[in-house]
Amino acid sequence: MVKLGETEEGGEALMLGLMQDFPLTVDKILDHAARWHGDREIISRSVEGPIVRTNWRTIHGRAKQVTHALQTLGVRLGDRVGTLAWNTANHIEVWYGIMGMGAVCHTLNPRLHPDQILWIADHAGDKIIFTDLTFAPMLLANLHKAPSVEKVVILSDEAHRPEGAGENVIMYETLIAGLPTDAVWGGFSELTACGLCYTSGTTGDPKGVLYSHRSNFLHTLITLQTDVIGLSQRDSVLVVVPMFHANAWGLAFSAPAVGAKLVLPGPRMDGAAIHELMTCEKVTLSAAVPTVWQMLLQHLDAAGETITGLKRVVIGGSAVPEAIVRSFKARFGVDVVHAWGMTETSPLGTIAAMTADLEELPFDDQIPYRLKQGRPPVGVDIRLLDDEGKTLPHDGATFGRLMVKGPIVVKSYFKGKADVIDQEGYFDTGDVATIDQAGFMQITDRAKDVIKSGGEWISSIEIENIAAGHPKAELAAVIGLPHPKWDERPLLLVKLKAGQTATKQDLLSFLEGKIAKWWTPDDVLFVDDIPLGATGKIDKKLLRARHGDHKLPTL
Ligand code: ADP
């Protein structure tokens, strides 16, 4: 590549364009929202209980107050500031207050074990942590495990100050009270670090992904395309996906970028609470992992309620079950949009938007494509490689390692020793996938969860999705168990809905004809619990520990 100020060998000097140098920094997104969509509302279910209403103009002013407060506390460019908080307007203010001044907003995942949270805060070198009342007791009791943390700011007022809290604890409303609402933002390179998010550690030690202003700004523009999430100013967006889970899939940037109305569920993500917000705030678009939607559908069934006004739900994080796609369409006329991504891809990597050809098909014929993880938007490139590094065909059948490349994809981890991309700039996602002739990628497994049987691969995800569609099943998981003849064979674990009974044969008959015969699980176990990890995905590591010594009847 020819660099600035260099001359191509034997050629002309590089000619630069003559457009403005306008660094793509995310403070400009909130400036824009305040200036052009100032009255558009942000509604939060507060941690204290009541629903709180504010708007982009007010959030902008308070975010600037946060910047002043941080500067007074000694935070400088590049310092890490943690947040351990639900999705609320306060959390948005803190995000922009940190990022706008060029410090790094580090979202901590409260669903992790306290030791892990504090380990991550210390590894990141967080100076200050902003937290909700919910997590304050845990954080304060464990603070000695993260020596880097000097102060804790609790996102509430003096009336809620925890008893016995020391001098290192500041209440948020006191911290920002009376400070100017016009701090200076920006003025640094768009390559400046902006956000830090650790992967949930399902594949080993947590690793820090350090987003830049540029990568977040570009991710915002990418997700705003019609065929991606395609937000509009007219949308009312319910952000169930947590801000601590890969940037809430970018919605905390894309909503202000277009001036959408933002609806934030705070600490309550149960079916009834979600449904109440959806109805009262006329929500048109929402985003969450599949388990949230399963909970909502169960609540609607039990309460005999319905949904109106909702147009689209974006589902990702794990594969969307067919029953959810069909239920939303048939019962409420809602389009489910299936997306794939990871912390390392900011997070959006692919999306299953219908193409012109597929749009012509009846809904039933679209289903196989709607269940795939979809196609990459401009700015993201994907490909499949075999173990020798050979590129694999897009035939919808050949499994390979999914590789991804682009300006919103990680290059190396925070404090990592080396780059994590190959010579051509692709990052190995750790996912195993196929790509069909229409360009739709389908995740068949995590590389470490794939079941190797007789030299071939069995997709645990595909079996569990079909099994979860059994009318009596609430959740299903498939793990591979060692087998002397075949190497590994699948074991199906099923958690039944409350009050239901079923037999092994019921489940196996349900799978018959839907999967290859040799994929049929060797055994079915009915369990009380299928554990979910900190990002809402089935915790296969724990399942293997619990059921790894189960004796298969085929042994
Ligand atoms: P972690 O890697 O720590 O589990 P992430 O939230 O970054 O946390 O998870 C990314 C992974 O989640 C992907 O690599 C993939 O395995 C899985 N995933 C994300 N979206 C989907 C989806 N739509 N279908 C199947 N798997 C998905």
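One can find the structure itself at the top, above this paragraph.
Residues numbered from 1 in each chain as written. Predicted model: local features only at pLDDT ≥ 70, side-chain atom pairs only at ≥ 80, totals over all residues. Heavy atoms only, no water.

## Focus on the sheet that holds strand β12 (residues 285–288)
The pairing of strands in a sheet happens through backbone hydrogen bonds and is either parallel or antiparallel. One open sheet holds the eight strands; their spatial order is β2-β1-β11-β10-β12-β13-β14-β15, and the pairing between them is mixed. A single partner strand is all that each edge strand has here, and the edge strands are β2 (51–55) and β15 (348–351). On average, each strand axis in the sheet is inclined to that of its neighbour by 20°, with strand direction left out of account. Of the strand pairs in this sheet, strand β10 (residues 236–239) and strand β11 (residues 261–264) are connected by three bridges, and their pairing is parallel. From the neighbouring strand, Ser-236 faces β11, where its bridge partner is Lys-261. (Pairing = 2+ DSSP bridges. Helix = DSSP H or I, 4+ residues; strand = E, 2+ residues; numbered from the N terminus. Axes fitted to C-alpha atoms, helices over the stretch in contact; angles between N-to-C directions.)

## A look at the pattern of salt bridges
Under the definition given, this model contains 30 salt bridges. A salt bridge links Glu-322 to Arg-326; the nearest nitrogen and oxygen atoms lie 2.9 Å apart. One end of the pair, Glu-322, and the other, Arg-326, are both in helix α11 (residues 322–332), four residues apart, so they sit about a helical turn from each other. Judged by its relative accessible area of 34%, Glu-322 falls in the partly exposed class. Notably, a salt bridge pairs Asp-335 with Lys-329, separated by 3.3 Å at the nearest N-O pair. Residue classification places Asp-335 among the partly exposed residues on the basis of a relative accessible area of 25%. Judged by relative accessible area, which is 30%, Lys-329 ranks as partly exposed. Here the salt bridges do not stand alone but share partners, grouping Glu-41, Arg-53, Lys-261 and Glu-281 into one network. (Salt bridge = Lys/Arg side-chain N within 4 Å of Asp/Glu carboxyl O. Buried < 20%, exposed > 50% of the residue type's maximum accessible area, 1.4 Å probe, protein only.)

## Description of the sheet that holds strand β9 (residues 208–212)
In spatial order, the strands read β7-β6-β5-β3-β4-β8-β9; together these seven strands make up an open sheet with mixed pairing. Unpaired on one side and paired on the other, β7 (169–171) and β9 mark the two borders of the sheet. Going from strand to strand, the sheet's axes swing by 25° on average, the running direction of each strand aside. The pairing of strand β4 (residues 104–107) with strand β8 (residues 193–198) spans three bridges and is parallel. For His-106, the partnering residue across the bridge sits in β8 and is Leu-196. On top of the sheet, helix α4 (residues 114–124) reaches β3 (80–84), β4, β5 (128–131) and β8; it is set at about 150° to β8, its chief contact. (Contact = heavy atoms within 4.5 Å.)

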